[in-house]
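For reference, the chains in residue letters:
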Amino acid sequence: MNIFIVTLGSRGEVQPYVALGKGLQAAGYTVTVCTSASFEPFITGHGLRYGYLSNDLIDLMDSAAGRDAMEDTVGVFGAIRTTMKLARRANEINRQLMHETWTAAQIAAPAMVISHPKALAGTHVAEKLGVPAAIALPVPLIVATGEFPATGMPLLALGHAYNRLTYQAIALGYGMYDKMVNLFRQETLGLPAIRGAAIRLKMPDGSPIPVLHGVSNYVSPRPIDWPAHVYNTGYWFLDQGADWTPPTDLQRFLAAGAPPVYVGFGSMAGRNPQRLTRIVIEALQRANVRGLIATGWGGMNAGDLPGSIFALEQAPHDWLLPRVAAVVHHGGAGTTAAGLRAGRPTVICSFFADQPYWGQRVHALGVGPKSIPQKRLTAEGLTAAIVEVTRDQAMRGRAAELGARISKEDGIGNAVALLERELGQKLRSTQR
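What this report covers is the structure whose coordinates are included nearby. (Residues numbered from 1 in each chain as written. Predicted model: local features only at pLDDT ≥ 70, side-chain atom pairs only at ≥ 80, totals over all residues. Heavy atoms only, no water.)

1. Description of the sheet that holds strand S1 (residues 2–6)
Strand pairing in a sheet takes place through backbone hydrogen bonds and is either antiparallel or parallel in direction. Taken together, seven strands build an open sheet; the order of strands is S3-S2-S1-S4-S5-S6-S7 and the sheet is parallel. Because the sheet does not close on itself, it has two edges, and the strands there are strand S3 (49–53) and strand S7 (230–232). Mean inter-strand twist for the sheet, computed between neighbouring axes without regard to direction, equals 20 degrees. The sheet contact formed by S1 and strand S2 (residues 30–36) spans five bridges and is parallel. Pairing of Phe 4 across the sheet is with Thr 32, part of S2. Sheet contacts for helix H6 (residues 122–129): S1, strand S4 (112–115) and strand S5 (133–137); angle to S4, the most-contacted strand, approximately 170 degrees. (Pairing = 2+ DSSP bridges. Helix = DSSP H or I, 4+ residues; strand = E, 2+ residues; numbered from the N terminus. Axes fitted to C-alpha atoms, helices over the stretch in contact; angles between N-to-C directions. Contact = heavy atoms within 4.5 Å.)

Okay, here's the thing in structure tokens:
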């Protein structure tokens, strides 16, 4: 039986779905992951089938305009500015991606479609094929709650009414794509137009679409006011450390002294990665700690670094992070999860989107200091944060306890069980 997963975005918005796909594959399903072309080797390398989508969206975000937009995406008004800057090109790309999703889905001939909300065609393709749909995402974003605002919205302590209002704002943002999605439904799929086409939680017959969050209840507890078809399953980790051989120079560096502080900003770069490089190096030296810097984000030259700092292009988080003293990063959902599972205190230096939310959660759990927005990042501020996470023994103890709890979760197993239950229910209902 075939399962079709469609997602869009950076590595952090692809890797959890590969992990979920491998879990489904281990349960006996044939899995196609449909996403940007640059991830094809990553997907097929993990034994999954690949469904083609163009790389245009990735290329747009990596362009000068895209990097400038990311730098300006601070708060709700920053998000509006970003949308305005990229809207015309992004609309063209989204139209193309919906058609490519439909083509890939027909090839896969799935019994279920699982989609990230960014993949606008997902639930509509499932409807056309007459198969169950599920929404899966690594952050709480589209299901309203009064307990906290939607990720990416200002974290204001204004109560339940404000929190719920932020989800209406998210729905309004998606509403800009309603006309485009309905044209796709009518002209390509031969389906009637519907209200709220770009983001929906129900099928036309009124049945709810299950929403699975690859999130730990220990980090972001499931709100009590979520409907029954919305879940936190636990994180979807893609562990690769067992098959990875660390470079000799990395092993030598780790063995040469105290565990270093890991610093990495994923695919985030902004306008001036050289500024980040200078701040990080100065802060590590001021804090008098050894450092291990993931260089993919900044393009640093290892020759520019002092002997107490090691530059590493990449390494599996499940291998590397248990070997460091603390982690400093941008606050992406996946990196946050990996650092917390490793039991390490965390410093989040957020750019935009869900990153401030994870920074708030890390601080609220007592496993890291207050997050630092990238626009306010200084060597002095980062030094103070690094000193805190490396010397506060109570914080370090809380981080270790949280890591132990997260390690016992089976997020992928929980998600597979829920999807199998949903698939079985829908198949039984169609056979009556």
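2. Concerning the side chain of Asn 94
Tracing the sequence through the fold places Asn 94 in helix H5 (residues 75–108). We classify Asn 94 as buried; its relative accessible area is 9%. Here Asn 94 is in contact with Leu 120, Tyr 177 and Met 180, once residues within four sequence places are set aside. (Buried < 20%, exposed > 50% of the residue type's maximum accessible area, 1.4 Å probe, protein only.)

3. Examining the pattern of salt bridges
Within the structure shown, the criterion is met by seven salt bridges. One salt bridge in this structure joins Arg 185 and Glu 127, with 2.8 Å as the shortest N-O distance. Here Glu 127 lies in helix H6 and Arg 185 lies in helix H8 (residues 178–189), a separation of 58 residues in the sequence. Classification of Arg 185 as buried rests on a relative accessible area of 0%. Looking at Glu 127, the relative accessible area reads 18%, which means it is buried. Linking Glu 127 and Arg 200 is a salt bridge whose minimum nitrogen-to-oxygen distance equals 3.0 Å. On the criterion of sequence distance, the pair formed by Glu 127 in helix H6 and Arg 200 in the loop between H8 and strand S6 (211–213) is long-range, its members being 73 residues apart. For the pair shown, Glu 127 and Arg 200 are each scored as buried. The structure contains a network of salt bridges with shared partners spanning Glu 127, Arg 185 and Arg 200. (Salt bridge = Lys/Arg side-chain N within 4 Å of Asp/Glu carboxyl O.)

4. Description of the environment of Lys 118
Within the secondary structure, Lys 118 is located in the loop between S4 and H6. Of the residues examined, Lys 118 reaches a relative accessible area of 35% and is grouped as partly exposed. Considered as a pair, Lys 118 and Glu 13 are 105 residues apart in the sequence and their alpha carbons are 9.9 Å apart. Once residues lying within four places of it in the same chain are set aside, the contact partners of Lys 118 are Leu 8, Gly 9, Glu 13 and Tyr 174.

5. Structural notes on the environment of Ala 126
Position of Ala 126 among the secondary structure elements: in helix H6. Residue Ala 126 is classed as buried on the basis of its relative accessible area of 0%. Leave out the neighbours within four places in its chain, and Ala 126 touches Val 113, Val 131, Pro 132 and Ala 133.

6. Quick look at the packing of H6 against H8
Two elements in contact, H6 and H8, have axes whose closest approach is 11 Å; the angle formed by their N-to-C orientations is 30 degrees. When the axes of H6 and H8 are compared, the pair comes out roughly parallel. Where H6 crosses over H8, the two elements pack in a sense that is right-handed. Every residue of H8 that contacts H6 at His 124, Val 125, Glu 127 and Lys 128 is listed here: Val 181, Phe 184, Arg 185 and Leu 189. Looking at the contact of H6 with H8 residue by residue, the class counts come to four nonpolar, one polar and three charged. (Parallel < 35°, antiparallel > 145°, perpendicular 65-115°, else oblique. Left-handed = near helix turned anticlockwise from the far one by under 90°. Nonpolar A, V, L, I, M, F, W, Y, C, P; charged D, E, K, R; others polar.)

7. Considerations on helix H13 (residues 355–364)
All of the buried residues along H13 are Gln 355, Tyr 357, Trp 358, Gly 359, Arg 361 and Val 362. Looking at the buried residues of H13, the elements they touch are helix H12 (333–341) and strand S12 (346–348).

8. Examining the sheet that holds S12
Strand order in the open sheet made by the five strands is S10-S9-S8-S11-S12, with parallel pairing throughout. Either end of the sheet is taken by a strand with one partner, and the two such strands are strand S10 (309–312) and S12. Strand-to-strand, the axes of this sheet are offset by a mean angle of 15 degrees, without reference to chain direction. Bridge count for strand S11 (residues 326–329) against S12 is three bridges, and the pairing is parallel. Residue Val 328 lies in a different strand from S12, and its bridge partner there is Val 347. Where helix H14 (residues 379–391) meets the sheet, its contacts fall on strand S8 (261–264), S11 and S12, and the angle it forms with S12 comes to roughly 160 degrees.

9. What to know about the nonpolar core
Formed by 95 residues in total, the largest nonpolar core has its most connected members in Ile 3, Leu 24, Ile 114 and Trp 236. The element best represented in this core is H5, accounting for eight residues. Once residues within four sequence positions are removed from consideration, Trp 236 is found in contact with Pro 16, Tyr 17, Ala 19, Leu 20, Ala 136, Leu 137, Leu 212, His 213, Gly 214, Gly 411, Ile 412 and Ala 415. In this structure, Val 263, Phe 265, Val 280 and Phe 352 belong to the second largest nonpolar core, which totals 27 residues. (Core = buried A, V, L, I, M, F, W, Y, C linked by side-chain atoms within 4.5 Å.)

10. Some words on the environment of Ala 287
With respect to the helices, strands and loops of the structure, Ala 287 is situated in the loop between helix H10 (273–286) and strand S9 (291–294). On a C-alpha basis, the gap between Ala 287 and Thr 390 in space is 9.1 Å, while along the polypeptide they are 103 residues apart. If we skip the residues at most four places from it in the chain, Ala 287 touches Thr 383, Ile 386, Val 387 and Arg 391.

Take it as geometry only, folks, not as evidence of what the structure does.
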